[in-house]
Amino acid sequence: MTDSPRPRDPRTALVDRWRDTLLAARSGAPGPDPLPYAENLLARWDEPQRRYHTTAHLTAVLDRIDTLAGYAADVHAVRLAAWFHDAVYRPDRTENEERSAALAERALPEAGVGEVVTAEVARLVRLTVTHDPAEGDGNGEVLCDADLAVLAGSPQEYAAYAAQVREEYGFVPDEAFRAGRAAVLRQLLALPRLFRTPHGAEEWEARARHNLATELELLGSSSGPQ
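Residues numbered from 1 in each chain as written. Predicted model: local features only at pLDDT ≥ 70, side-chain atom pairs only at ≥ 80, totals over all residues. Heavy atoms only, no water.

Draft legend 1. Representation of the overall build of the chain within the structure. Counting secondary structure elements, the chain contains eleven helices and zero strands. Ordered by position in the sequence, the α and β elements of the chain form the string α-α-α-α-α-α-α-α-α-α-α. For the chain, the C-alpha radius of gyration of 18 Å lies close to 17 Å, the compact-globule estimate for 226 residues. For the C-alpha atoms alone, the extent of the chain along its principal axes is close to 65 × 50 × 40 Å. Looking at the 226 residues of the chain, the share that counts as buried comes to 47%. (Helix = DSSP H or I, 4+ residues; strand = E, 2+ residues; numbered from the N terminus. Rg over C-alpha atoms; globule rule 2.2 N^0.38 Å. Buried < 20%, exposed > 50% of the residue type's maximum accessible area, 1.4 Å probe, protein only.)

Here it is in structure tokens:
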């Protein structure tokens, strides 16, 4: 009787995914060992202030990009953008996306990625400020849909996500958090479409809107007299 193969360690799997994506994005051009770049990025995603924006979120976004890959013009650029889109994350700051994009602009050329792909990765990272890609922007649609797909989880999954977001903003008083979070939820609900890919629109849109509306209602009820 043979032993069944052991499942790969999640961190090893992420390192392998980074290596494969970086090598593909180089398009045969030479470059340094991908491993130190993976280690640097994973150290960022493992920072102690994170509760939702962790390697689990990174893995989920990469998995969803795999699902949506057929809609992207350059899926390698989209995957690189996933790695960088929350690489700089401080919940008490507002320039995280810009700083993450700037990190990509510094690191990717050094890692052997060409100017065109680097510029596209940085553009995609900056797009996650609004999650509102232009019509026909396949790369942007895939990244934004993959990032927002957490909104379409089961009630239990969505509740866990919302709780992790609250933990990340634990330094914010309850009343201020409720007001800020409600504003974010209203902004998302005001978008004509949360998801732009056909798969996202069909599979995630209705559930996500239900979850957002439910959280908004709960936030309103929790702000009343105690």
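Draft legend 2. How the structure looks around the packing of helix α1 (residues 10-26) against helix α2 (residues 35-45). Direction vectors running N to C along α1 and α2 enclose 125 degrees, while the axes themselves pass 9 Å from each other. With respect to α2, the element α1 is oriented oblique. Where α1 crosses over α2, the handedness of that crossing is right-handed. Residues Arg-11, Leu-14, Val-15 and Trp-18 of α1 form the contact with α2, whose participating residues are Leu-35, Tyr-37, Ala-38, Leu-41, Leu-42 and Ala-43. Broken down by class, the residue content of the contact of α1 with α2 amounts to nine nonpolar, no polar and one charged. (Axes fitted to C-alpha atoms, helices over the stretch in contact; angles between N-to-C directions. Parallel < 35°, antiparallel > 145°, perpendicular 65-115°, else oblique. Left-handed = near helix turned anticlockwise from the far one by under 90°. Contact = heavy atoms within 4.5 Å. Nonpolar A, V, L, I, M, F, W, Y, C, P; charged D, E, K, R; others polar.)

Draft legend 3. How the structure looks around the packing of aromatic side chains. On inspection of all chains with the given rule, the structure shows seven aromatic pairs. Measuring from centroid to centroid gives 5.3 Å for Trp-18 and Trp-83, while their planes differ by 70 degrees, and the two rings are edge-to-face. Highlighted residues: Trp-18 in helix α1 and Trp-83 in helix α4 (residues 75-84), separated in sequence by 65 residues. Both residues of the pair, Trp-18 and Trp-83, belong to the buried class. Between Tyr-158 and Tyr-161, the aromatic rings sit 5.3 Å apart at their centres with planes inclined by 65 degrees, giving edge-to-face as the arrangement. Taken together, the residues span about one helical turn, with Tyr-158 and Tyr-161 both in helix α8 (residues 155-168) at a distance of three residues. A relative accessible area of 6% means that Tyr-158 is categorised as buried. A network of ring pairs unites the aromatic residues Trp-18, Trp-83 and Phe-84 as a single cluster. Above the plane of the ring of Trp-45 lies Arg-50, whose end atom (NZ or CZ) is 5.2 Å from the centre. Over the ring of Phe-177 we find Arg-166; its NZ or CZ atom is 4.3 Å from the centre of that ring. (Phe/Tyr/Trp six-rings, centres within 6.5 Å; stacked < 30°, edge-to-face > 60°. Lys NZ or Arg CZ within 6 Å of the ring centre and 35° of its normal.)

Draft legend 4. Seen up close, helix α5 (residues 96-110). The end-to-end C-alpha distance of α5 is 21 Å, a good match for the 21 Å that 15 residues give at a rise of 1.5 Å each. For α5, the set of buried residues is Asn-96, Glu-97, Ser-100, Ala-101, Leu-103, Ala-104, Ala-107 and Leu-108. Down the axis of α5, the sector holding all buried residues measures 155 degrees, keeping them to one side. Exposed and facing more than 90 degrees away from the buried side of α5 are Arg-106 and Glu-110. (Expected span 1.5 Å × (residues − 1). Arc of directions from axis to C-beta.)

Draft legend 5. Main features of the pattern of salt bridges. With the rule as written, the count across this model stands at 17 salt bridges. With a closest N to O distance of 2.6 Å, Asp-46 and Arg-11 form a salt bridge. With Asp-46 in the loop between α2 and α3 (55-68) and Arg-11 in helix α1, this residue pair connects regions lying 35 residues apart in the sequence. Across the salt bridge formed by Arg-126 and Glu-98, the nearest N and O atoms sit 2.8 Å from each other. Here Arg-126 is found in helix α6 (residues 115-127), whereas its partner Glu-98 is found in helix α5, with 28 residues between them in sequence. (Salt bridge = Lys/Arg side-chain N within 4 Å of Asp/Glu carboxyl O.)

Draft legend 6. Quick look at the nonpolar core. If you look at the biggest cluster of nonpolar residues, it comprises 63 residues, and the most contacted ones within it are Trp-18, Ile-65, Trp-83, Phe-84, Leu-108, Val-121 and Leu-151. Considering every element that reaches this core, the biggest residue donor is α4, with eight residues. If we ignore the near neighbours within four places in the chain, the residues touching Trp-83 are Leu-14, Trp-18, Leu-41, Leu-42, Trp-45, Leu-58 and Leu-62. (Core = buried A, V, L, I, M, F, W, Y, C linked by side-chain atoms within 4.5 Å.)

Draft legend 7. Quick peek at helix α7 (residues 138-148). Counting buried positions along α7 gives eleven out of eleven residues, so the element sits mostly inside the fold. Buried-residue contacts for α7 involve α3, α4, α6 and α10 (198-203).

Draft legend 8. The side chain of Asp-86, seen in detail. Residue position: Asp-86 is located in the loop between α4 and α5. The side chain of Asp-86 sits in the buried core without any salt bridge; Arg-50 is the nearest counter-charge, 5.9 Å away. Of note is the side chain of Asp-86, whose polar atom sits 2.9 Å from the side chain of His-85. Ignoring any residue separated from it by four or fewer positions in sequence, one finds Asp-86 in contact with Trp-45, Arg-50, His-53, His-57 and Ser-100. (Lys, Arg positive; Asp, Glu negative; His and termini not counted. Polar contact = N/O pair within 3.5 Å; in protein donor to acceptor, adjacent residues only side chain to side chain.)

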